[in-house]
There are 2 protein chains.
Amino acid sequence: MNNNIITLGHGSGCALTRRLIDSVFRSRFQMPTLDDSAALRGRAVISTDAHVIKPLFFPGGDIGKLSISGTVNDIAVCGAVPEFITAALIIEEGFPIADLERIADSMQKEATKAGVKIIAGDTKVVERGQADGLYIVTTGVGYLPEGVETGSHLVCKGDSILVNGTIGDHAVAIINAREEMELEPAPESDCASLQNLTAALIATGHVRFMRDATRGGVVTVLNELSEDAKLGIIIDEEKLPVTSTTKAVCGLLGLDPLYLANEGKLVAVVNGNTKPVVNAMRQTDTGRNSVVIGRVTDEVQGVYLRTSIGSLRRLFMPESDPLPRIC
Amino acid sequence: MNNNIITLGHGSGCALTRRLIDSVFRSRFQMPTLDDSAALRGRAVISTDAHVIKPLFFPGGDIGKLSISGTVNDIAVCGAVPEFITAALIIEEGFPIADLERIADSMQKEATKAGVKIIAGDTKVVERGQADGLYIVTTGVGYLPEGVETGSHLVCKGDSILVNGTIGDHAVAIINAREEMELEPAPESDCASLQNLTAALIATGHVRFMRDATRGGVVTVLNELSEDAKLGIIIDEEKLPVTSTTKAVCGLLGLDPLYLANEGKLVAVVNGNTKPVVNAMRQTDTGRNSVVIGRVTDEVQGVYLRTSIGSLRRLFMPESDPLPRIC
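Computed from a predicted model, the values in this text were never measured in an experiment.

Quick look at the overall build of chain A
A tally of helices and strands in chain A yields eight helices and 14 strands. In terms of overall size, chain A behaves like a compact globule, its C-alpha atoms giving a radius of gyration of 19 Å where 327 residues would be expected to give roughly 20 Å. On the principal axes, the C-alpha backbone points of chain A span a range of 55 × 50 × 45 Å. Looking at the 327 residues of chain A, the share that counts as buried comes to 64%. Of the contacts formed within chain A by residues at least 6 apart in sequence, a portion of 82% connects residues at least 24 apart. Looking at charge distribution, chain A has the averaged site of its 31 positive side-chain charges lying 6 Å from that of its 40 negative ones.

Right under this line is the structure:
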């Protein structure tokens, strides 16, 4: 690979992206972390997200819904209540206004569902061939309730790791739509706003860390967490929730659901008894299939999978995501 | 023109853009105005801007500098003190990392100058041919000092209209660079952060309204103001500050500097004696050539130019900007 130019992997959200951000941006800017969110004054939190998903419309959502839920989730996993969104659109000349209206409808529908207001925007148009239809950048602002604190620095050995349902569904829906695999019924993206789920998690008083598992999948979140918390993580293959469709597509294409992007799934780390936490998660619309998938430990360094036959397999941070333009 | 598809004019920031935003976005979202800025909780203000300028590097700046100063200015003309910036980058595969570093340097240099911190970001990469090198969306957050209020609703007949220097310089620099006119010396963009100027204006206690005159130029700002305030505006041709280069290029290409984009110029409306206000503006680095160019009146409706021979000529809101991809 040519080290002097940008590759698709630099946009994968995985190791390549982290190194690029670290060397080009974080070394120059005042970014406290490599993340897309940061604290403002007082208890305000901000997060920004560029959406370049292809195709623009897919089973379970479209770029409009995704642009709202993606940013809502970035704010929500900070433990904050998302309140305001701005949207900047870069539109290709010749884009159908009917599609733009459909996307705007979808944005507002999701904003209503998530309890956020879209309060400002910017519209730019570029010549034919200079954008793939439409890109949307959303920025969200939310407020941390008094007393709420989460983060990798709070994670301890013995804590449990949970996810709120089946993994890899977004990526599989996009693969099916993009590659015209014509699976029947078409697999749906899990694209959803998670603010009710994160609020329920926080209300239990047991949550130490939350992160949405988008580009790079659950493995990328776990590796970042393991690195930041300087603790090991072991997850159980048998406990991982995966739909039969996702299993089949992954088997066919040689993919692993742990590495695939989700748009309505988060990884949560909680302390103490997990039963009341799982119950609380399952009360919410996006948490019905919540399960414990593993635990934090000091017995290993890095992230490991305990396979169904009982052996441990290292799950490395991926260099790149197998699918560009996934969100 | 086909009314069902997006045209370059929809991104011009002029009448076409306003109608599109009004019909597609404002009708659905909770946008208080058609602007790119809005109020958050407390005294916080947010603004978002997509930057798609072509070429990426130009005399007087580059897309990095512009992405910071453009957003700083949107916040500053609200009367607020810009504090934080987020940046989302959409990069074309194959983009030279050296150029990205140069642009990041430029962003940080301008951020330091403007007193803002770049605190979070997102990086996406699209395939070759799917973005024209690089697009940058910046979102800024600032805070309104206690007691500061500005806006078109405060503008009264008899108020004076000021600009902080020569108009049209940004557009002329871009035309020269893009069309390879090879003017010597190459005209420079006025691209600059105006937070010192807006602070000086506010400190006078006489400012009623401020707006940066970007896409669509001074005429677009004045028409929006006239419409919102329901008052007429008359500006004096003889008082308009225009460089000889801008005059020459405009003469050659049949353009009018009043309609050209600026990136370091604002329109301010002030009440009372203008002398102390102009003096205060001239003390700042970006206000040295500040002048009164006209006044608010109820003698006319809309915006008029008093020509050098004394007649009045209507200056209509432009449908579109003559130059796409100007910012």
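More follows now that the structure is in view.
Some points on the side chain of Thr 166 of chain B
Residues and elements named next belong to chain B. In this structure, Thr 166 sits in the loop between β8 (160-163) and α4 (169-178). Here Thr 166 falls in the buried class, since its relative accessible area comes to 19%. When near neighbours in sequence (up to four residues on either side) are disregarded, Thr 166 contacts Pro 241, Val 242, Thr 243, Asn 262 and Lys 265.

So, the interface of chain A and chain B
Each partner contributes residues to the interface: chain A has 76 residues there, and chain B has 76 residues. When residues of chain A are sorted by the area they lose upon contact with chain B, Ile 6, Arg 28 and Lys 124 of chain A head the list and together hold 10% of the total. The tally of links between chain A and chain B comes to twelve salt bridges. Here Asp 122 of chain A ties to Arg 215 of chain B by a salt bridge, and the two come within 3.0 Å at their closest N and O atoms. Taken together, chain A and chain B are joined by 29 residue pairs in polar contact (both at pLDDT 80 or more). When residues of the side of chain A that touches chain B are traced back to their parent elements, those giving at least two are α1 (15-26), β1 (37-39), β2 (44-51), β5 (81-92), α3 (97-114), β6 (117-126) and β7 (134-143) of chain A. Here the side of chain A that touches chain B gets ten residues from one element, more than from any other, and that element is β6 of chain A.

Quick word on the packing of helix α2 (residues 63-76) of chain B against helix α3 (residues 97-114) of chain B
Residue and element names in this part refer to chain B. Between α2 and α3, the least distance of the axes is 7 Å, while the angle of their chain directions is 30 degrees. Judged by the angle between their axes, α2 and α3 are roughly parallel. With respect to the hand of their crossing, α2 and α3 are arranged in right-handed fashion. Contact residues: Ile 63, Gly 64, Lys 65, Ser 67, Ile 68, Ser 69 and Val 72 in α2; Ile 103, Ser 106, Met 107, Glu 110, Ala 111 and Ala 114 in α3. Partitioning the contact of α2 with α3 into residue classes produces seven nonpolar, four polar and two charged.

A closer look at the packing of α3 of chain A against helix α1 (residues 15-26) of chain B
For the pair α3 of chain A and α1 of chain B, interaxial distance at closest approach is 9 Å and the crossing angle is 45 degrees. One way to sum up the angle between α3 of chain A and α1 of chain B is to call them oblique. On α1 of chain B, the residues that touch Ile 97, Leu 100, Glu 101 and Ala 104 of chain A of α3 of chain A are Leu 20, Val 24 and Phe 25 of chain B. Among the residues making up the contact of α3 of chain A with α1 of chain B, the classes are represented as six nonpolar, no polar and one charged.

What to know about the domain arrangement of chain A
Residues and elements named next belong to chain A. Here the domain parsing of chain A yields domain 1 (32-143) and domain 2 (152-314). The distance between the C-alpha centroids of domain 1 and domain 2 comes to 23 Å. Between domain 1 and domain 2, the contact holds 21 residues from the first and 21 residues from the second. Of the roughly 1700 Å² buried where domain 1 meets domain 2, counting both sides, 59% is carbon and sulfur surface.

Notes on the pattern of salt bridges
Under the criterion given, the structure shown has 40 salt bridges over all chains. Lys 124 of chain B is paired through a salt bridge with Asp 122 of chain B; the nearest N and O atoms lie 3.2 Å apart. Of the two residues, Lys 124 of chain B and Asp 122 of chain B, both sit in the buried class. Put simply, Arg 18, Arg 211, Glu 224 and Glu 227 of chain A are held in one network by salt bridges that share partners.

Calculation rules
Every chain begins its residue count from 1, and numbering advances along the sequence as written. Think of it this way: whatever chain is written first is A, whatever ligand is written first is 1, and the rest follow in order. Totals for whole chains, interfaces and linings use every residue, but because this is a predicted model, local features are given only for residues with pLDDT of at least 70 and side-chain atom pairs only at 80 or more, for both listing and counting. Hydrogens and water are ignored here; the side-chain numbers use all heavy atoms of the structure. Starting at the N terminus, helices and strands are each numbered in turn, a helix being any DSSP run of H or I of at least four residues and a strand any DSSP run of E of at least two. Only the C-alpha atoms count toward the radius of gyration. The rule for a globule is 2.2 Å times the residue count to the power 0.38. Relative accessibility decides the category of a residue: with a 1.4 Å probe and only protein chains considered, values under 20% of the type maximum give buried, values over 50% give exposed, and everything between is partly exposed. Note on contacts: a residue pair qualifies if any of its non-hydrogen atoms lie within 4.5 Å across the two residues. All tallies of charge rest on Lys and Arg as positive and Asp and Glu as negative; His and the ends of each chain are not included. Throughout, a charge is located at the NZ atom of Lys, the CZ atom of Arg, the CG atom of Asp or the CD atom of Glu. The quantity reported as buried area is the accessible area (1.4 Å probe) lost by two parts once they are put together, taken as the sum for both. In the sections that follow, a salt bridge refers to a side-chain nitrogen of Lys or Arg positioned within 4 Å of a carboxyl oxygen of Asp or Glu. For this analysis, a polar contact is any N or O atom pair within 3.5 Å, provided that within protein one partner can donate a hydrogen and the other can accept it, and provided that sequence-adjacent residues contribute only side-chain to side-chain pairs. A fitted line through C-alpha atoms serves as each axis, taken over the contacting stretch for helices, and the angle formed by two N-to-C directions is quoted from 0 to 180°. Angle categories are assigned with fixed cut-offs, so that under 35 degrees is roughly parallel, over 145 is roughly antiparallel, 65 to 115 is roughly perpendicular, and the rest are oblique. A clockwise turn of the near helix away from the far one marks a right-handed crossing, whereas an anticlockwise turn of less than a right angle marks a left-handed crossing. Side-chain classes follow a simple rule in which Ala, Val, Leu, Ile, Met, Phe, Trp, Tyr, Cys and Pro form the nonpolar group, Asp, Glu, Lys and Arg form the charged group, and the remainder, Gly included, forms the polar group. An automatic or database domain assignment supplies the start and end points of every domain.

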